[in-house]
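Each chain is listed here by its residues.
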Amino acid sequence: MKNKQVIGLAACWLISLASRAGEPFSVVTIPAELSAGASAVMRIHEHTFKVKTPSEATETVHYAVTILNQEGKSYAKLEVPYSKLSKVSSIEGTLFNAEGKTVRRLKRGDIQDLSAISDVSLFEDNRVKSAGFTYADYPFTVEFRYEVTTYSTMTYPAWFPQTDEKLALESATFQVLLPAGQSLRYKILNRLPAPEVVDGPTERAYRWQLKRQKVADYEAYAPYYTNLGPGVVTAPKEFELEARKGQMNTWQDLGRFLYQLNDGRDQLPEPLRRQALELVAGETDVRTKIQKIYGFVQQHTRYVSIQLGIGGWQTFPASVVAEKGYGDCKALSNYTGALLKTVGIPSSLALVVAGRNTADVLPDFPSSQFNHMILCVPLAKDTVWLECTNPYVPAGYVGSFTGNRHALLLTPEGGKLVRTPSYRPEDNQQNRSVRLRLDASGNATADVRTTYTGIQAEAIESVMYTASPDDQRQWLYEQFRIPNFTISSFSFQEQKHTLPTVIEQIAIQLPTCATRTGNRLFFVPNQVSSDQILPIQYDQRTSAFRLPSSYLDSDTVFCQLAPGLGVEHGFEPVLLTSRFGRYQASVQMEGNTVKYIRRLVIEAGLYAPETYAEYVDFRRKIAKADRMQILLKN
Amino acid sequence: MFSLRLANYWLTLSCLLLSACGFSQQLTFGQIDYNDLTMRMYPADSSAEAVVLSDIGKTAILQNDSRGYYAEYQRHVRIKILKKSAFERSTITVPFYRLRSDLREEVRDIQGSTHTLLADGSVKVDQLNKDAIFEERRTEKLYIKRFTLPNVREGSVIEFTYTLTSDFVFELREWDFQRDIPVRWSQYELNLIAGFEYRILFQGFEPLAVDENQSSGTMIHYRWAMKNLVALREEDFMATPDNYRAKVWFELVRTTLPHEIGPRNYAKKWDDLDKLLLVDSQFGLAINRTGFLKETAATLRKQSADTLQQVTAAYQFIQKAMSWNKRRAIYTEDGLKKAFEAKTGNTADLNLMLVGLLREMGLEAFPVILSTKQNGTLSKEYPLLSRFDYVIALVNWGGKDWLLDACGPGLRAGVLPVHCLNGEGRLVHIRHPRWVSLSPIEKRRESGQFLLKITKDGQLDGSITVTQSGYAAADSRQVLKEISLEKFRQAFKSQSPDWQWNELVVLNADSSYLPLTIKGHVTVSEAVSRIENRLYLRPLPISDYAKNPFKSPERRFPVDMGVPIEKVYVASYTLPEGYKVEEVPRNIALALPGNVGRFSFVTGVEGRNLQISSRLVFSKAIFGPEEYGALREFYNQIIAKHAEQVVLKKTDEK
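The written sequence of each chain sets the order in which its residues are numbered from 1. The lettering of chains begins at A and the numbering of ligands begins at 1, in the order of writing. Selection of residues for local features in this predicted model requires a pLDDT of at least 70, selection of side-chain atom pairs for listing and counting requires 80 or more, and totals for whole chains, interfaces and linings are taken over all residues.

A. Quick look at the overall build of chain A. Scanning chain A from terminus to terminus reveals 11 helices and 39 strands. Reported as C-alpha extents along the three principal axes, the dimensions of chain A are approximately 90 × 85 × 40 Å. Pairs at least 24 residues apart make up 72% of the contacts formed inside chain A by residues separated by at least 6 positions. Secondary structure elements are defined from DSSP: runs of H or I of at least 4 residues count as helices, runs of E of at least 2 residues count as strands, and each element is numbered from the N terminus. Contact criterion: two residues are in contact if their C-beta atoms, reconstructed from the backbone, are within 7 Å.

Below is the structure:
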C-alpha cells in the first residue's frame with residue numbers, strides 16, 4: 001500500500017511540474033493509449049471558419065502536434081494553399097523539445113512561397129505558402145497558427161482532423177461562425193458527435209469537438225470517406241463568387257448558378273459551324289451524328305489543363321477551342337456541346353468527381369464537390385455520356401473514370417443529380433482462348449488470343465496507344481504469372497464497338513511448362529489466367545468494402561499433347577458460388593487434346609464488413625482452383 | 001565512353017583546316033520540309049510516337065557594359081508528332097533561375113508554330129500566340145516558362161525557338177543529344193570569347209556526325225552534331241538511364257579576364273580539388289570545427305580500448321544521434337554544429353561529423369567523396385567536383401579500409417549502402433589522397449529452414465525459420481523503421497497467403513550486428529495434392545523462384561543487381577505413416593561462366609525423412625549485356641527445378 005502511494009505521489013509531482021512550468025506540450029502528458037502505434041499525436045487543433053460578409057470569410061487554424069518518430073516527420077512542415085481568390089495573412093510557428101521548452105520560432109525568411117501547379121497543367125493560379133522545422137530529436141512538438149482570408153464563399157471547409165492512420169488526437173475543435181440569423185448546412189460523417197450551436201448578439205456559432213482518438217488503421221477496399229475518420233463537411237446556403245450571387249440549398253440551386261456561369265459561351269465561328277453541318281449531312285440517326293461530332297472533337301483537339309477564370313468554374317468560350325485546338329475539361333465539353341447544338345442535338349454540361357477509386361459526391365449534401373466536367377446528351381430512350389478529354393474511347397463510353405457515380409447536370413431549369421452508366425460483368429470482359437502444344441519433355445508453345453472489353457480494356461488500351469513496343473513487351477511480361485516464358489510475338493488490335501475493345505494476340509514459348517518427375521508430367525492447364533493475388537486478411541474487419549467494377553473472365557485452353565502422352569489423372573469440375581460472383585473450372589479430354597474451361601464473374605458492390613472473410617475465402621479457393629494440375633504419363 | 005577535348009583558345013589554329021570542310025545545317029524558322037509533313041511513321045523506329053526532326057542549340061558567351069559576361073542560349077526545335085500520345089510534347093517548359101538582380105536568367109523571343117498537312121494537300125500553319133505563354137514562379141528562385149502550341153494533330157510538325165540569357169557563365173548548361181524519343185538531328189554550337197576555357201566532355205555510345213572548331217578573331221567556334229539517335233529508355237536493373245545518354249557538358253577550367261590580375265584557375269588536377277575541398281568551410285574546415293563533440297568523444301573512448309570497437313561506437317553514435325534528411329551532398333548545409341543541434345542533416349553533415357568525431361577520439365579518419373549509382377558513373381580521368389554527390393568516412397586500421405556511412409541504417413560498420421557501391425571513391429587528403437574501391441564486401445543473404453511434417457490428408461505442419469543478414473537484413477530493418485512491427489509481420493504473412501501462422505516472431509529487429517530472424521509455426525493446408533494413392537508437392541514451400549526476374553530475351557545495357565545475392569533454403573520433411581518417396585527432383589549443380597553464379601539442388605532420403613536443399617550464390621552484382629543470356633537461362637533452370645515435384649506413394653498398396 002505504502003509503495004503505491006509513493007508512486008502515485010511521484011506521478012502527481014511530475015504532472016504538476018510540467019503544468020506549473022507552463023509547458024503544455026511536454027511529451028510526458030500524452031496519455032499512453034494515444035501514443036501507442038502512433039507516429040504523431042495532435043495535441044490541440046483549433047479550426048475556425050468565420051463568414052464576415054456574403055463575399056468574405058476568414059479561416060483561422062491553430063494546432064500543435066507532437067512528432068514521436070521519423071514517420072511523423074511530415075507534420076513538422078506546414079503548407080497553406082491559396083489562390084487569386086484568397087490571401088494568407090499570417091503564419092506563426094514554434095518548435096518545442098520533448099520537455100515542452102521552446103527551441104525555435106519560425107522567422108519570416110523561413111516561409112517559402114511556392115507554386116502548387118501540377119506538372120500536367122499549363123497554368124493555374126494555385127500557390128502554396130510553405131514553412132517548417134528541420135529537427136529530428138524525437139519526440140518533439142511543433143505548433144502552427146495561420147489565417148487565410150477568402151474572397152469567395154462558395155466553398156466552406158470540410159473538417160477531418162484525423163485522416164492519417166498514424167495520427168492520434170488529443171483534442172480538436174472546429175467552429176463555423178455565421179452572421180446572426182444565418183444557419184449552416186452540414187453533414188456529419190463517421191460518428192462525429194453533433195455540434196453545439198450558440199447564438200450570440202451578432203453571430204451564431206457551430207462548434208464540434210473531438211477528444212482522445214487512438215490511431216485507427218486503414219482497411220483495404222474501404223469506401224473513400226470511411227478512411228477519413230470522424231469529420232464534417234459544411235456548405236453555405238447562399239454564397240458569392242467574384243461578385244456573382246448563388247444559392248446552394250439544393251442541387252437545383254447550385255446547378256442553376258453554374259449553368260448561368262457557363263451559359264452563352266458556345267458561339268462557334270461560321271466555317272466551323274458549316275464543317276459540323278457537313279459532317280452530319282444526310283445522316284438521320286442521332287447516335288451516328290453524335291459519334292461523328294465526338295470523333296471530330298477527338299481528332300481536332302487535345303486536353304491541356306488551364307485552371308483559370310471565375311474560381312476555375314467558368315469555361316473558355318467555344319471559339320477559343322476552335323481557334324487553338326485545345327482546352328481543359330470544361331472547355332472541351334462546352335465546345336463539344338456547341339458543335340452538337342449546331343447540328344440540332346441538345347446537351348448539358350455535367351459535373352462529376354472523376355477518378356478510378358475516388359469518392360463519389362455525397363448525394364444528400366448539395367455543395368461544390370466536383371473536379372471534372374463531362375457532357376450529357378439525352379436521347380429519346382436513353383442517354384449518351386461524352387468524356388471530351390479522352391482522344392481514344394468510343395462515343396458514349398465513360399468507364400472507370402467517370403462511370404457508376406453521380407453527376408450534376410447543368411440545365412436552364414437548374415441542376416439535376418443523376419447517375420452515370422454503370423457497367424455489367426458482360427461489359428467488362430476478358431475473353432481468352434489459348435492453343436497450347438505440349439511436347440513429351442514438358443516444353444510448350446502457345447498462341448493466346450484475348451479480347452478485352454470495357455473497363456478491362458482500359459489498361460491495355462492505354463498501353464496500346466501510348467507505349468513503345470519495347471515497353472509494351474515489358475508490360476506483357478508483367479501481366480502473366482508464368483514462371484518461365486518468352487514472348488515470340490505479339491500484336492494489339494482495336495475493334496470498333498460501343499465499348500472499348502482490344503484484341504491481343506501473343507505467341508509464347510514455355511520451357512518446362514510441365515514438370516517431369518520420373519515418367520510423369522505435372523501440368524497446370526491454366527498457365528495464362530491464374531489469379532494468385534489474394535486480398536489482405538484482417539482479424540477483425542470493421543469497415544464495409546467495395547469491389548469497384550464487375551467483370552467476366554472466360555478462358556478456353558486447348559492443349560494438344562505430344563504423341564505418346566496421355567492423361568493419367570485430371571480433376572473434378574470446380575464450381576464456386578458466392579455473393580461476390582461465380583467461378584467454374586473444368587477439364588476434359590477430346591482425342592489428343594485436353595480442353596480446359598474457366599469462367600469467373602465478379603459483381604461490383606459495397607459489401608458489409610462481416611462478409612469480408614467470405615470474400616477472402618472465395619478468392620483463396622479461386623487461387624487454389626487456378627493452380628490445379630493434371631497428371632500426364634507416357 | 002568518355003572523350004575529352006580542351007577548349008583552349010590558343011591551341012586551335014592547327015584545327016582550322018580540318019573544320020573548314022565540315023558541312024553546315026542551317027534551318028530557317030517556318031520552312032518545313034514537305035516530306036516531314038507527309039511522314040506517317042518514322043522509318044528508323046516505326047513505333048515512335050514522335051521524332052525530334054532537329055534540335056539545334058547555339059550558345060555564345062557575350063559581354064556588354066551593363067551586364068558584363070553572360071551566356072546566350074538559342075534553341076530551335078522541330079518535332080514530328082506521330083501519335084496522340086505525343087500531344088503532351090507540344091507543351092514546352094523552360095526552367096530558369098532568378099537569384100538576384102545581377103544573377104539571373106531570362107527567356108525571350110519565344111516563337112512557335114504548328115504545321116499540319118490537310119486532306120486537300122494544303123498546309124495549315126498556326127502560330128503560337130502570346131496568350132498561350134505563361135510564366136510560373138515555381139519556388140523563390142526557380143521560374144518556368146511554359147507554352148503550348150495550337151492545333152496539334154497526328155502528323156503535325158511543331159516548331160519553336162527561344163533565347164535564354166544567363167549570368168551563370170561559370171556553369172554552362174549541358175546538351176543532351178539523346179532523348180526518350182528518336183532524334184534525327186541534334187546539333188550544338190558553342191561560341192567562346194577569349195578568356196574562358198572549358199573542359200568539354202562527351203558521354204554515350206553514339207558517334208559524332210560533326211565535330212569541328214574554328215577561330216575567328218578572339219572568338220572560338222565549336223560545332224558538334226549527332227544524327228539518327230535511338231530513343232533512350234529505362235530498363236529494370238538499371239541504376240540510371242542517364243549513364244548511357246549521349247550528351248556533352250562543360251566544366252570551367254580557367255578564366256583570363258581583363259579585369260582580373262592574371263588567369264584564374266578553376267579545378268584542374270585531382271590534387272587541386274583535394275586542396276580546394278580541404279580549405280572549403282563547408283567541407284574540410286567544417287571537419288575541424290567539432291569541439292562540440294569533445295565530450296562525446298571522451299565518453300566513447302572510455303568504453304573500449306579496441307580501435308574497431310571505438311570506430312563502431314562512433315558510427316553507432318552518429319546513426320543514433322542524427323537522422324538523415326535523404327539529401328545527398330558533399331558539402332554541409334549549415335555547418336556541423338547546427339546539424340547536430342537539429343539532429344538532422346544531409347550526407348555531408350552526418351559523415352563529416354563522423355570523421356570529426358573519430359578524429360576527436362584520436363583516430364585517423366578521412367572523408368571519401370563518391371558519386372552514387374543514381375548520380376552516374378564517375379570518370380577518374382577528368383577531375384570534376386560537380387560529379388560527386390556523396391561523402392562517407394574512412395578509417396584505415398589493421399591494413400584494411402573501413403568505409404562508414406552513418407546515413408545507411410541497418411548495416412554494420414564497414415558495409416556501405418547499395419547506392420554507394422559505384423566504382424571508386426576519392427579519399428580527400430592533403431598529402432596522401434587516393435582512390436578507394438567501393439565494391440560490395442557483403443551480400444544480400446537469406447536462408448530458410450523448414451521443419452515440416454506431411455500429414456496423410458495432405459497438410460504441411462511445422463516450423464519455419466528465415467534468417468536474413470547483410471543487405472537482406474538491412475532492407476527489412478529499413479522497412480521496419482517505416483512501418484510497425486505488426487504491419488511488417490502482416491506483410492510477411494501476406495507473401496504466402498496459403499499459410500496459416502500459429503505464431504510469428506521477428507528477432508533482432510534493432511541490431512545491425514546480428515542476423516534478423518523471422519520464425520514461426522505454420523500449417524499449410526493445400527500444399528500437397530493427393531491423386532489416388534500418391535501425394536505430390538513442390539520441393540520447397542517458397543515463392544522466391546516463382547518467376548524469372550529477367551523477362552526480356554535481350555538486353556542492351558548492363559544488369560545491376562545492386563549487391564551479390566546468396567540464398568540458401570533447406571527443408572526437412574517427415575513423411576506420413578505408410579508413405580515412401582517414389583520420385584524426387586534430380587540433384588543438379590549449375591554455374592555461370594567464370595563461376596560468378598552457382599546454384600545447387602540436393603535431395604536426400606533417410607527412412608521417413610526427406611531433406612531438400614537449394615543454394616544460390618553470386619559473387620558479383622553487375623553483369624554486362626553479353627552475360628545477360630546466360631544469366632536469364634541460369635534463372636530459367638533454377639525456376640524449373642523448383643517447379644518439379646516430389647512424389648510420395650502409399651507403401652501398403654502395392
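B. Local environment of the sheet that holds strand β23 (residues 434–437) of chain B. All names here are of chain B. Strands are treated as partners if at least two bridges between them are detected by DSSP. Here we have 5 strands laid out as an open sheet, ordered β21-β20-β19-β22-β23, and antiparallel in their pairing. Since the sheet does not close on itself, it has two edges, and those belong to β21 (400–404) and β23, each with one partner. With direction set aside, neighbouring strand axes in the sheet form an average angle of 40°. Taken together, the 6 bridges between strand β19 (residues 365–370) and strand β20 (residues 390–397) define a ladder with antiparallel strand orientation. Of the residues in β20, the one forming a bridge with Pro367 is Ala393. Helix axes use the C-alpha atoms of the stretch in contact, all axes being lines fitted to C-alpha atoms, and the angles between their N-to-C directions lie in the range 0 to 180 degrees. Across the face of the sheet, helix α8 (residues 347–360) comes into contact with β19, β20 and β21 while running at roughly 20° to β20.

C. Representation of the sheet that holds strand β3 (residues 77–82) of chain A in the model. All names here are of chain A. Taken in spatial order, the 3 strands of this open sheet run β3-β8-β6, and their pairing is antiparallel. Since the sheet does not close on itself, it has two edges, and those belong to β3 and β6 (112–115), each with one partner. Shown here is a sheet whose adjacent strand axes are inclined to one another by a mean of 30°, direction ignored. Looking at chain direction, β3 and strand β8 (residues 127–132) are connected through 6 bridges and run antiparallel. Along β8, the bridge assignment pairs Lys77 with Gly132.

D. Summary view of the pairing of strand β13 (residues 196–199) of chain A. Residue and element names in this part refer to chain A. By the bridge criterion, 4 bridges tie β13 to strand β14 (residues 203–213) in an arrangement that is antiparallel. By the bridge assignment, Asp199 is partnered in β14 with Arg204. Joining the antiparallel neighbours β13 and β14 is a turn of 3 residues.

E. Focus on the packing of helix α6 (residues 307–321) of chain B against α8(B). Residues and elements named next belong to chain B. Where α6 meets α8, the closest approach of the two axes is 10 Å, and the angle between their N-to-C directions is 145°. Once α6 is placed against α8, the crossing between them reads as right-handed. Of the residues in α8, those touching α6 at Val311, Ala314, Tyr315, Phe317 and Ile318 are Leu350, Met353, Leu354, Leu357 and Leu358. Amino acids are sorted into nonpolar (Ala, Val, Leu, Ile, Met, Phe, Trp, Tyr, Cys and Pro), charged (Asp, Glu, Lys and Arg) and polar (every other residue, Gly among them). Across the contact of α6 with α8, the residue classes break down as 10 nonpolar, no polar and no charged. Crossings are sorted by hand: turned counterclockwise from the far helix by less than a right angle, the near helix makes the crossing left-handed, and turned clockwise it makes it right-handed.

F. The arrangement of the UniProt feature "domain: DUF3857" (unreviewed entry) in chain B in detail. UniProt positions are given in the numbering used here, feature names are shortened, and annotations may be inferred rather than shown by experiment. The UniProt record marks residues 72–231 of chain B with the feature "domain: DUF3857" (unreviewed entry), using the residue numbering of this structure. Its end C-alpha atoms 28 Å apart, residues 72–231 of chain B is made of 0% helix and 63% strand.

G. Quick peek at the confidence of the model for chain B. Residue and element names in this part refer to chain B. Averaged over every residue, the pLDDT of chain B is 88; the share at 70 or more is 95%. As a per-residue measure, pLDDT tells how confident the predictor is, with possible values from 0 to 100. The secondary structure element of chain B with the lowest average pLDDT is helix α1 (residues 16–20), at 33, and the one with the highest is β19, at 97. Throughout residues 1–24 the model reports pLDDT below 50, and contacts reaching past four residues in sequence, or to other chains, amount to 35 contacts. At the level of chain-chain contacts, confidence expressed as ipTM amounts to 0.78, with global pTM at 0.83.

H. How the structure looks around the domain arrangement of chain B. Residue and element names in this part refer to chain B. Domain annotation of chain B identifies domain 1 (3–265), domain 2 (270–437) and domain 3 (444–650). The domain limits used here are those given by an automatic or database domain assignment. Placing a centre on the C-alpha atoms of domain 1 and another on those of domain 3 gives a separation of 52 Å. Across the boundary between the two partners, domain 1 contributes 5 residues, which contact 4 residues of domain 3. Of the residues contributing to the side of domain 1 that touches domain 3, the split by class is 4 nonpolar, no polar and 1 charged.

I. Seen up close, the domain arrangement of chain A. Split by domain assignment, chain A resolves into domain 1 (19–219), domain 2 (250–419) and domain 3 (429–633). The straight-line distance from the C-alpha centre of domain 1 of chain A to that of domain 3 of chain A is 49 Å.

J. Inspection of the nonpolar core at higher detail. Ranked by size, the top nonpolar core spans 159 residues in total, and within it Ala350(A), Ile374(A), Leu354(B) and Ile392(B) carry the most contacts. Aside from chain neighbours lying at most four places away, what touches Ala350(A) is Met373(A), Ile374(A), Leu375(A), Cys376(A), Ala407(A), Leu408(A), Leu409(A) and Leu410(A). Counting 63 residues, the second largest nonpolar core, distinct from the first, contains Ala446(A), Phe523(A), Val528(A) and Val594(A). Any set of buried Ala, Val, Leu, Ile, Met, Phe, Trp, Tyr and Cys residues joined through C-beta atoms within 7 Å is what this text calls a nonpolar core. To sort residues by burial, count the other C-beta atoms lying within 10 Å of each one's C-beta; a count of 20 or more means buried, 12 or fewer means exposed, and anything in between means partly exposed. C-beta atoms are built from the backbone.

K. Quick look at helix α11 (residues 612–626) of chain A. Residue and element names in this part refer to chain A. The length a helix should cover is 1.5 Å for every residue beyond the first. Between the first and last C-alpha of α11 there are 21 Å, a value that for 15 residues agrees with the 21 Å anticipated at 1.5 Å per step. If you check which residues of α11 are buried, you get Tyr612, Phe618, Arg619, Ile622, Ala625 and Asp626. Each buried residue of α11 sits inside an arc of 150° when the element is viewed along its axis, so together they form one side. Picture the helix axis, draw a direction to every C-beta atom, and the arc is the one those directions span.

L. Seen up close, unusual backbone geometry. Residue and element names in this part refer to chain A. A cis geometry characterises the amide bond from Tyr138 onward to Pro139, with omega recorded as -10°. Within the fold, Pro139 resides in the loop between β8 and β9 (140–150). Its identity as a non-glycine residue notwithstanding, Glu242 has a phi of 45°, on the positive side. Tracing the backbone shows Glu242 in the loop between β16 (238–241) and β17 (244–247).

M. Local environment of the confidence of the model for chain A. Per-residue confidence for chain A gives a mean pLDDT of 90; residues scoring 70 or more make up 94%. Counted against residues more than four places away or in other chains, residues 1–21 of chain A, with its pLDDT under 50, gives 7 contacts.

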